[in-house]
Amino acid sequence: MLSKVNIAPGIDKETTNYGSEGRWVDCTNVRFRAKLPEKIGGWTKLTDPKITSLIKSIVTRGHNIGLHPSYNCFSDPELLKNEAMILKSYCNSNGINQSLLGARMHYLRWDQRITLAAYDSAGLDYDSSMTFADRAGFRCGTCFDYQAFDVKNDTLLNFRIR
């Protein structure tokens, strides 16, 4: 006998198998389309010639390639710096020239005490995370970009919030 199973979309990595009734806690190569899980082909390596060609064509059309840091980068400045360095090095070694490198935090995760300084230390030029993950609007009350400011140290930082 078949039973309908209701599983909420998305992956909940902040729980255990025992506390996750009705949720996915782990997966490999799955995405959701029309609210149903679907197996996908997996990740493609950044060094794949098809990816390099795609990135070059995107930049040629006048768009920026940005960093979408991994899940815990918002609270780990060294990890963010390392991921930014990998992307910068990849672009430089493949002749991908763009004047700015920005980022947008994974799931819009942000810690005002840590993330601003981490962006500055990583040498990023702008951030595009300043919206809400769960509703419309701007966290800072404006849709215009502005110079980042470190409230903790009372100083301007070397990147912009977009």
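This section reports on the structure supplied with the text. (Residues numbered from 1 in each chain as written. Predicted model: local features only at pLDDT ≥ 70, side-chain atom pairs only at ≥ 80, totals over all residues. Heavy atoms only, no water.)

Scanning the model with the defined rule gives two aromatic pairs in all. Measuring from centroid to centroid gives 5.5 Å for tryptophan 110 and tyrosine 119, while their planes differ by 45°, and the two rings are tilted. Residues tryptophan 110 and tyrosine 119 agree in their burial class; the two are buried. Taken together, the ring pairs connect Trp110, Tyr119 and Phe159 into an aromatic cluster. Its guanidinium or amino end placed over the ring of tyrosine 71, arginine 109 lies 3.7 Å from that ring's centre, counting from NZ or CZ. Against the face of tyrosine 126 rests arginine 162, its NZ or CZ located 4.0 Å from the ring centre. (Phe/Tyr/Trp six-rings, centres within 6.5 Å; stacked < 30°, edge-to-face > 60°. Buried < 20%, exposed > 50% of the residue type's maximum accessible area, 1.4 Å probe, protein only. Lys NZ or Arg CZ within 6 Å of the ring centre and 35° of its normal.)

All right, on to helix 2 (residues 77-93) then. Between its terminal C-alpha atoms helix 2 stretches 24 Å, which fits the 24 Å expected from 17 residues at 1.5 Å a residue. Regarding helix 2, the residues found buried are Leu80, Glu83, Ala84, Leu87, Tyr90 and Cys91. Looking straight down helix 2, one finds that the buried residues subtend no more than 125° of arc, so they occupy a single side. Within helix 2, the exposed residues directed more than 90 degrees away from the buried face are Glu78, Asn92 and Ser93. Residues of helix 2 that are buried in the fold lie against helix 1 (49-60) and helix 3 (115-122). (Helix = DSSP H or I, 4+ residues; strand = E, 2+ residues; numbered from the N terminus. Expected span 1.5 Å × (residues − 1). Arc of directions from axis to C-beta. Contact = heavy atoms within 4.5 Å.)

Such coordinate-based values are descriptive only and should not be taken to indicate function.
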